[in-house]
Amino acid sequence: MSAHPVATVAGAPVAVEEVDAAEARLRTGPHAAALPARGTGEGRQLRRWLVQLLVTERVVAAEVAARGLTVCDVPTEAELLPDVTARLEIGSVAAAALADPRARALFVDVTATVRVSDHQVADYHARNPLRFAAANPDRHGWRAPACAEPPLAQVRAAVTEHLRGAARRRAFRLWLDERRAALVELAAGYEHPGDPRQPDNTHRH
């Protein structure tokens, strides 16, 4: 194991060899051509992202063990992250972590008490009256956008599910951020990709 870990999680080191192995898997995978070249700023950012994923996996594993969770009857990845918007809401690292059923079990446990109010449901429907309106097929079989606003009672369940899904993703992301902040220490050169203090962060104002 490397004498200089890239991070620690609750004091346990994460070796640079783990990052090397994770990067090697990506570079021999189906999306290798889309990856940035090694040694570039973007390449270093990829390695920082991989460190975030590795430490997140360790945080998840520790929390799952501490809570005594199992992976029986956990929702699928598609159920928790049904579209691109959902993945953007929760962030790329958390989204990647949720490929693991243990992380999905943790998601369910952490967000079990998340609810949305009747007021939130009614307010969302008032602002987005056609969001869950059924499309109407024309005489050629094409589905045209709905023109008539469905009553709230007709779409209440769909609106509630939509809002609770978004609220659960936000709650899990915030909880995960807090746990990583409490447990993870990053080594120099492996800062968070979005840390404005590291030289490869290109998000400027």
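In this convention, every chain numbers its residues from 1, walking through the sequence in written order. The predicted nature of this model means local features are confined to residues of pLDDT at least 70 and side-chain atom pairs, given and counted, to a pLDDT of 80 or more, with totals for whole chains, interfaces and linings taken over all residues. Side-chain numbers come from the whole structure's heavy atoms, not from hydrogens or water.

Looking up the protein chain in an unreviewed UniProt entry gives the name Malonyl CoA-ACP transacylase, with the organism given as Mycobacterium triplex.

> Describe the sheet that holds strand β5 (residues 184-186), with residues and values.
Two strands pair under a simple rule: DSSP has to find at least two bridges between them. Starting at the N terminus, helices and strands are each numbered in turn, a helix being any DSSP run of H or I of at least four residues and a strand any DSSP run of E of at least two. Read from one edge to the other, the open sheet built from 3 strands follows the order β2-β1-β5, with strand pairing classed as antiparallel. Each of the sheet's edge strands pairs with one partner strand only, and the pair in question is β2 (12-14) and β5. Across the sheet, the axes of successive neighbouring strands diverge by a mean angle of 20°, strand direction being ignored. Sheet topology note: the strand β1 (residues 7-9)/β2 ladder contains 3 bridges and is antiparallel. Paired with A7 across the strands is V14, a residue of β2. What counts as an axis is a line fitted to C-alpha atoms, over the stretch in contact for a helix, and the angles between N-to-C directions run from 0 to 180 degrees.

> So, the nonpolar core: which residues are in play, and what are the values?
Residues grouped as a nonpolar core are buried Ala, Val, Leu, Ile, Met, Phe, Trp, Tyr and Cys residues, joined through side-chain atoms within 4.5 Å. Categorising residues by exposure relies on relative accessible area from a 1.4 Å probe, with only protein chains included: less than 20% of the type maximum marks a residue as buried, more than 50% marks it as exposed, and the intermediate range marks it as partly exposed. One finds V6, I90, L98 and F172 to be the most contacted residues of the largest nonpolar core, which totals 31 residues. When contributions to this core are tallied by element, the ones reaching two or more residues are β1, α1 (16-27), α2 (41-67), α4 (84-90), α5 (92-97), α6 (101-110) and α8 (152-183). Looking at this core element by element, the count peaks at 8 residues for α2. Contacts are assigned to residue pairs with any non-hydrogen atoms lying within 4.5 Å of each other. Excluding its chain neighbours within four sequence positions, the residues that come into contact with I90 are L81, A95, L98, F107, R169, F172 and R173.

> Report on the confidence of the model for the protein chain, specifying residues and quantitative values.
Across the chain, each position has a pLDDT score giving the predictor's confidence in that residue, from 0 to 100. On average, residues of the protein chain score 92 in pLDDT, and 92% of them reach the 70 mark or higher. Here strand β4 (residues 143-144) is the element of the protein chain with the lowest mean pLDDT, 63, and α6 is the one with the highest, 98.

> Please give an account of the packing of α2 against α6 that cites residues and values.
Running from N to C, α2 and α6 cross one another at 60°; their axes reach a closest spacing of 9 Å. On the basis of their axis angle, the class for α2 and α6 is oblique. Judged by the twist between their axes, the crossing of α2 over α6 is left-handed. On the side of α2, the interface is formed by V60, A61, E63, V64 and R67, while α6 contributes R102, A103, L106, D109 and V110. Any angle from 65 to 115 degrees is called roughly perpendicular, while one under 35 is roughly parallel, one over 145 is roughly antiparallel, and all others are oblique. A crossing counts as left-handed when the near helix is turned anticlockwise from the far one by less than a right angle, and as right-handed when that turn is clockwise.

> So what's going on with unusual backbone geometry? Which residues, and what values?
Even without glycine at this site, A10 takes up a positive phi of about 55°. Along the polypeptide, A10 turns up in the loop between β1 and β2. Notably, D73 is not glycine yet its phi reads approximately 60°, a positive angle. Along the chain, the position of D73 falls in the loop between α2 and α3 (77-80). Residue class for D73 comes out exposed when judged on its relative accessible area of 78%.

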